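# Descriptive structure summary
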Amino acid sequence: SAMTISKSKIAIGLLVVGIFAVVFGTVLVFVGPIIIDDQIVKNVEINPKNELSYTMWKDIPVPFFMSIYFFNILNPDEILAGEKPMVEQRGPYVYSEKRWKDNITFHDNKTVSYQEYRQYFFEESMSAGNESDVVTIPNMLVLGASVMMENMPFPVRLLISAAFKTFKESAFLTKTVGELMWGYDSKLVDFLNSYFPGMLPVKGKFGLFAEFNNSNTGLFTVFTGQDDIRKVHKVDSWNGLKHVNYWNSEQCNMINGTAGQMWPPFMTTESTLPFYSPDACRSMELIYQRPGMIKGIPVYRFVAPKTLFANGSDYPPNEGFCPCRQSGLLNVSTCRHKSPVFISHPHFYNADPALLETVSGLNPNEEDHGLFIDIHPETGVPMNVSIKLQLNLLMKRVSGITGYIDGPVLNTFRTNLVILPMVMEYMQYIVIGFGLGCIIGAVALILSKKVRCLTLSFAPPFALFFSGQDPHSPSHSRYSFSGESFSTLTLVVCFAGMRGSDTAVLLEVLNTSVSLLI
């Protein structure tokens, strides 16, 4: 019947469709992943022919934000009296960060070189204050310079200490957020650059991020992935280097992983996220923690292992980063012009608990202070990034430098000035040991050419007298000491090639130096 024929046709049709669907589905099981992976590879590799993905790599469309927090010192005077510091966290002060790549050059070995530039803009609506807010922090210029000059001759340290006092620079600094971030004029910086050229890494304004704005992170050469997608974004060299020389072991000097923005695709829970950070001067590696979901997109969360900033005693592979202090601190002085700078997680998170005893006001926790990256495992593209680091300054007593904190900030904050008997004792040895040689040198210089000489005479009760001669642009300066004891002491200081203004400045510095003794 017609109904029977119709049912037969329907059955045959369903059977054909079913067989076709099963076959097609089976093919997709094997072929589908290959097609998808091929599309991922084409869109992940660095290739100008892929206009969309290449443009996203070149001019990163994802908004970056840098949040800055300051530890405002609440009791600076009490700290100078030996008490434990109390701090309050101020911020965040949020800056949007624009990044773009320039000087892009492709090479025959499937690599590409580029420089990535960054520019910052203050976002007041996202901040807990504005750049006019005033905060008090340790004076990194004074404390850093003091430690850097620890091994210089004692008279030089006295001169620097006098310069600190002359330019009214002390252990703590009170400035606006904008000045601390992007720089402020400092007569001390001008003085040190004039008479100790090369000691400071900066000229002009001094600020924590003064060199970051409109700067680049160096010349990166990375693999494009066109011949092997497993190598895409991995660093081939940085500034032409296959490894750095900041550290004390071959492993610690290695340049591993990517530049820290994207990673090779097809990640698993066994994968890690290695990257090289020019700001930290080393390679770092994050480890898998857990899966997650961001706006419907599956992600893997990678976090910093507890061993990231561990010292060599707790984690032997990190021995090359030493000399070390407590675990949780990375000494980056070797790549920061020998200034005593350490980096850590905020609030000493994942650090030696002893560090928390040095300061009141710290409260470390993973949610607020943990470092993590949420990444889409199939493409290696980060979906959420939170890089949080804390900048720390080592403070220690330097003989001859007065008026700043005594003792490492990592162990305790306590204050002690270099007391008069100690200074007098050191000066006595200097007079005895170098007096004769200096007098001979001064006499020879005076006989050979005319110089400006200042004679400083000390007699009970240490009255101070000055006398001088007119300058005739001698080529260099000398100083000498004379006197049998400190009951009567004559100090002859000869300047050469000095302008009148320069002589006045040095005269004020010397006057302050002598005041340290009397």
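Predicted, not measured: the structure shown is a model, and the values here were computed from it. (Residues numbered from 1 in each chain as written. Predicted model: local features only at pLDDT ≥ 70, side-chain atom pairs only at ≥ 80, totals over all residues. Heavy atoms only, no water.)

Helix and strand content of the protein: 10 helices and 21 strands. Within the protein, buried positions represent 45% of all 518 residues. Sequence-distant contacts, at least 24 apart, represent 60% of the contacts inside the protein between residues at least 6 apart. (Helix = DSSP H or I, 4+ residues; strand = E, 2+ residues; numbered from the N terminus. Buried < 20%, exposed > 50% of the residue type's maximum accessible area, 1.4 Å probe, protein only. Contact = heavy atoms within 4.5 Å.)

Looking now at the sheet that holds strand β10 (residues 297–303). An order of β8-β9-β10-β13-β14 is seen for the five strands of this open sheet, with the pairing classed as antiparallel. Each having just a single partner strand, β8 (272–277) and β14 (381–386) make up the two edges of the open sheet. Direction aside, the axes of adjacent strands within the sheet are offset by 30° on average. Note that β10 and strand β13 (residues 372–376) share four bridges and pair antiparallel. Bridge pairing in β13 links Arg301 to Asp374. (Pairing = 2+ DSSP bridges. Axes fitted to C-alpha atoms, helices over the stretch in contact; angles between N-to-C directions.)

Reading across the sheet, the five strands line up as β1-β2-β3-β6-β7 and stay open at both edges, with antiparallel pairing between neighbours. On the outer flanks of this sheet lie β1 (64–73) and β7 (235–238), each paired with one strand and no other. The sheet shows a mean angle of 35° between the axes of neighbouring strands, taken without regard to direction. Bridge count between strand β2 (residues 87–106) and strand β3 (residues 111–122): 10 bridges; the pairing is antiparallel. Among the inter-strand pairings, Lys98 is bridged to a residue of β3, identified as Gln119. Contacts from helix α2 (residues 51–58) reach β2 and β3, with the element oriented near 130° to β2.

Turning to the state of the cysteines, a few remarks are in order. Overall, the coordinates contain two disulfides when judged by the stated rule. Across a sulfur-sulfur distance of 1.9 Å, Cys281 and Cys335 are joined as a disulfide pair. Sign of the S-S torsion, about 85° for the bond between Cys281 and Cys335, identifies this disulfide as right-handed. On the criterion of sequence distance, the pair formed by Cys281 in the loop between β8 and β9 (282–294) and Cys335 in the loop between β11 (330–331) and β12 (341–344) is long-range, its members being 54 residues apart. (Disulfide = S-S within 2.5 Å.)

Turning our eyes to something else, we now look at the confidence of the model for the protein. On average, residues of the protein score 77 in pLDDT, and 73% of them are at 70 or above. Mean pLDDT in the protein bottoms out at strand β17 (residues 414–415), which sits at 29, and peaks at β7, which reaches 96. Within the model, pLDDT remains below 50 along residues 399–429, and this stretch shows 97 contacts once partners closer than five positions in the same chain are excluded. Confidence over residues 456–489 falls short of pLDDT 50; this stretch has 86 contacts with residues more than four positions distant or in other chains. (pLDDT = per-residue confidence, 0-100.)

This brings us to the pairing of β2. Pairing analysis gives nine bridges linking β1 to β2, with the strands arranged antiparallel. Looking across to β2, one finds that Ser67 is bridged to Val94.

Its location among the elements puts His376 in strand β13. Residue classification places His376 among the buried positions, given a relative accessible area of 18%. Ignoring any residue separated from it by four or fewer positions in sequence, one finds His376 in contact with Ile297, Pro298, Val299, Val381 and Met383.

Glancing now at the pattern of salt bridges. Counted under the stated rule, the structure contains 10 salt bridges. A salt bridge links Asp236 to Lys242; the nearest nitrogen and oxygen atoms lie 2.7 Å apart. Of the charged contacts in the structure, one is a salt bridge between Asp374 and Arg301, with a shortest N-O distance of 2.8 Å. Of the two residues, Asp374 is situated in strand β13 and Arg301 in strand β10; the sequence distance between them amounts to 73 residues. Residue classification places Asp374 among the buried residues on the basis of a relative accessible area of 3%. The network of salt bridges with shared partners includes Glu97, Arg99, Lys101 and Glu116. (Salt bridge = Lys/Arg side-chain N within 4 Å of Asp/Glu carboxyl O.)

As a further point, take empty space enclosed by the protein. A full pass over the atoms with the stated rule returns five cavities of 30 Å³ or more. Each pocket or cavity is described by its volume, and for the largest cavity that value is around 60 Å³. Looking at the largest cavity, the residues that line it are Ile137, Pro138, Asn139, Met140, Leu141, Leu173, Leu180, Tyr184, Phe206, Gly207 and Leu208. At the level of secondary structure, the elements contributing two or more residues to the lining of the largest cavity comprise β4 (134–138) and α4 (140–148). Of the residues that constitute the lining of the largest cavity, the class distribution is nine nonpolar, two polar and no charged. (1 Å grid on protein atoms, 1.4 Å probe; cavity = no way out; pocket = protein on both sides within 12 Å on 5 of 7 lines; lining within 4 Å. Points joined across faces, edges and corners; volume = space filled by probe spheres on them. Nonpolar A, V, L, I, M, F, W, Y, C, P; charged D, E, K, R; others polar.)

Glancing now at helix α5 (residues 154–166). Under the 1.5 Å per step criterion, the end-to-end length of α5 is 18 Å for 13 residues, consistent within 8% with the ideal 18 Å. Along α5, the residues that are buried comprise Phe154, Arg157, Leu158, Ile160, Ser161, Ala162, Ala163, Phe164 and Thr166. (Expected span 1.5 Å × (residues − 1).)

Our focus in this paragraph is the UniProt feature "transmembrane region" (unreviewed entry) in the protein. Under the feature "transmembrane region" (unreviewed entry), the UniProt entry names residues 12–36 and 426–447. Across residues 12–36 one finds 100% helix and 0% strand; the C-alpha atoms that close the span lie 34 Å apart. (UniProt positions renumbered as here; feature names shortened; annotations may be inferred.)

Residues Trp247, Leu273, Leu286 and Ile375 are the most contacted members of the largest nonpolar core, which totals 42 residues. In terms of residue count, the dominant contributor to this core is β8 (three residues). When neighbours within four sequence positions are excluded, Trp247 is seen to be in contact with Cys252, Asn253, Ala280, Cys281, Arg282, Gly320, Phe321, Leu330, Asn331, Val332 and Thr334. Counting 27 residues, the second-largest nonpolar core is a separate cluster that includes Met66, Ile68, Tyr184 and Phe209. (Core = buried A, V, L, I, M, F, W, Y, C linked by side-chain atoms within 4.5 Å.)

Time to look at unusual backbone geometry. Here Gly91 and Pro92 are connected by a cis peptide whose omega angle stands at 10°. Along the chain, Pro92 turns up in strand β2. Note that the residue after Cys322, namely Pro323, is joined by a cis bond; omega there is 20°. One can find Pro323 in the loop between β10 and β11.

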